[in-house]
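Observations on the model geometry
Spelled out from the first residue to the last, the chains are:
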Amino acid sequence: MSGLGALDFPEDQVRARARDGAACAFPPVEQYGRRLFGASVGRCVDELDTMRLVPPVFMPQRLEKLIDLDREPVHGDVDLTTIIGGLQSTMPVYLSAFGSAEVGGTDLGRAASRQAGALGIPVVLGGDTDGRGGVGGSTLERIRAYTGTVPDGWGGVVVQQGTAGTEVWDQVYRDPAVRPLLEDGRLAFELKVGQGAGPGLGGMAVLDADRAARIADAFAIDPLFGNRVLRSESPGTFTEEILHRQVRLLCDTFPLARIWVKLPPARDIGSAVRVAWRAGADAVTVDGAESGTGWAPSGFLDHVGLPLAECLRRIGEPEGCLLVAGRMWEGSRAAKAVALGARAVGLGRAALIAVDEDPEVGLARLAECLALELRLLISSVGKYAPWALDRDDVWTRPSPEQILLPEQEVRS
């Protein structure tokens, strides 16, 4: 292991899944028959964690499945394959862009791309540059690692870039190594809007002085850390019309690529996602305030941005493909997000920790466990595909004012 860690994140559980795979969907087998298990107390992180999946008594889809299969359906009959922003995926999961370029551009980033390719799930790559506006080497290396393992027809590469320009997309679009992905519709470009280190901030990174000097004309540079400096990007300022035109421009400029839009957990998230979809975006990605980041002020991590559950509430019924991320590492949180409108969920910190645990198969084992949990949970509510989940499958804990006794309601 490299010693990579993640503060305030269930790192031990993720590492266990990267080692042991689907067995981690259950309590330790040595405790079977010797200990009674129940819900944990005081472990909830946010509202999405307090929600519960609620199976019904009557399950007509199970009856339909029984008739179709001519046998009693089981969780193994759940079909996890789905279309994520125009890309065919083996499960409702994609690999998120890593907030830290220093991590994503290392062997861990390449190993994560390689394993994501073998899994047949899409991968989002931050569009790093070489300091002169050209494509950084880590982006192309990770694309090659991915294409070397991905099965024909599955997955896809999504290259993310901010609002400052299209240099990275221009070069990737013309690169001969990427041409096969482009020709069979497995290349996408993601416009990252108004988010970097946190909602309302541009992307931040800590660089050595030499590298910072090479890009000083393009970024804000602050000498905050002695021999190392803080690099900041502009978050971009948008009106609805500007965002609509930006998405349309990308669709027209890169007609063979899918176009994705990434939005921050902002208070007007409902309006913003609808603008992006109506402009032609194949997918809109929303990272809740629980999501990890490469570098941000400490106050932003706990106090800025909407939680993912509130984002999903404000978006309501999606008009297009909605993708979400934020502390995704196990099946129940993912299933609830899908039931509330998401098409798929992104693995970020969990993927990096899994790959750090085992660079060869850590992510594959984590995904194996996640897939088993999803099949168990989806079939438990009498359904057999992620898209079949809906809001009726989720119970939200009522607030105190919602649980007044009848006579209290009358008096109030």
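Residues numbered from 1 in each chain as written. Predicted model: local features only at pLDDT ≥ 70, side-chain atom pairs only at ≥ 80, totals over all residues. Heavy atoms only, no water.

1. Some words on the packing of aromatic side chains
Taken as a whole, this structure holds six aromatic pairs when the rule is applied. Centroid distance W169 to F189: 5.8 Å. Interplanar angle 20 degrees. Geometry classified as stacked. On the criterion of sequence distance, the pair formed by W169 in helix 7 (residues 167–174) and F189 in strand 7 (residues 187–192) is long-range, its members being 20 residues apart. For the pair W169 and F189, a shared accessibility class is recorded, and that class is buried. Each residue in the set W169, Y173, F189 and F254 is aromatic and connected to the rest through ring pairs, giving one cluster. (Phe/Tyr/Trp six-rings, centres within 6.5 Å; stacked < 30°, edge-to-face > 60°. Helix = DSSP H or I, 4+ residues; strand = E, 2+ residues; numbered from the N terminus. Buried < 20%, exposed > 50% of the residue type's maximum accessible area, 1.4 Å probe, protein only.)

2. A look at empty space enclosed by the protein
With the rule as written, the count across this model stands at one cavity of 30 Å³ or more. The computed volume of the largest cavity comes to approximately 40 Å³. Lining the largest cavity, in full, are Y94, S96, A97, V124, Q160, E190, K262, T285 and D287. Within the lining of the largest cavity, the residues separate by chemical class into three nonpolar, three polar and three charged. (1 Å grid on protein atoms, 1.4 Å probe; cavity = no way out; pocket = protein on both sides within 12 Å on 5 of 7 lines; lining within 4 Å. Points joined across faces, edges and corners; volume = space filled by probe spheres on them. Nonpolar A, V, L, I, M, F, W, Y, C, P; charged D, E, K, R; others polar.)

3. Focus on helix 11 (residues 269–279)
Taking burial as the measure, the 11 residues of helix 11 include eight buried ones, the bulk of the element. Of the positions making up helix 11, those classed as buried are I269, G270, A272, V273, V275, A276, W277 and A279. Lining the buried residues of helix 11 we find helix 10 (240–253), strand 11 (258–263), strand 12 (283–287), helix 13 (308–315) and strand 13 (322–325). Count one or two residues on from helix 11 and you reach G280, which has phi positive near 115 degrees. (Contact = heavy atoms within 4.5 Å.)

4. So, the side chain of R186
Inspection of the secondary structure assignment puts R186 in the loop between helix 8 (179–183) and strand 7. You can call R186 buried: its relative accessible area is 9%. Here the side chain of R186 touches W154 through a polar contact of 2.7 Å, landing on its backbone oxygen. Residues within four places of R186 in sequence aside, it is in contact with L87, V150, P151, D152, G153, W154, G155, G156, V157 and L181. (Polar contact = N/O pair within 3.5 Å; in protein donor to acceptor, adjacent residues only side chain to side chain.)

5. Brief notes about the state of the cysteines
For the structure on display, the rule yields zero disulfides. Left unpaired, C369 is separated from the closest cysteine sulfur, that of C24, by 5.5 Å. (Disulfide = S-S within 2.5 Å.)

6. Observations regarding the nonpolar core
With 92 residues, the main nonpolar core has I143, V157, V159, L187, F189, V324 and M328 as its most contacted residues. Filtering out sequence-adjacent residues up to four positions away, F189 remains in contact with V158, V159, W169, V172, Y173, F254, A257, R258, I259 and W260. Judged by nonpolar contacts, the second largest core, of 13 residues, contains A97, A188, C321 and A344. (Core = buried A, V, L, I, M, F, W, Y, C linked by side-chain atoms within 4.5 Å.)

7. Things to note about the environment of V124
For V124, the location among the structural elements is in strand 5 (residues 123–126). Sequence spacing of V124 and A188 is 64 residues, and the spatial spacing of their C-alpha atoms is 8.8 Å.

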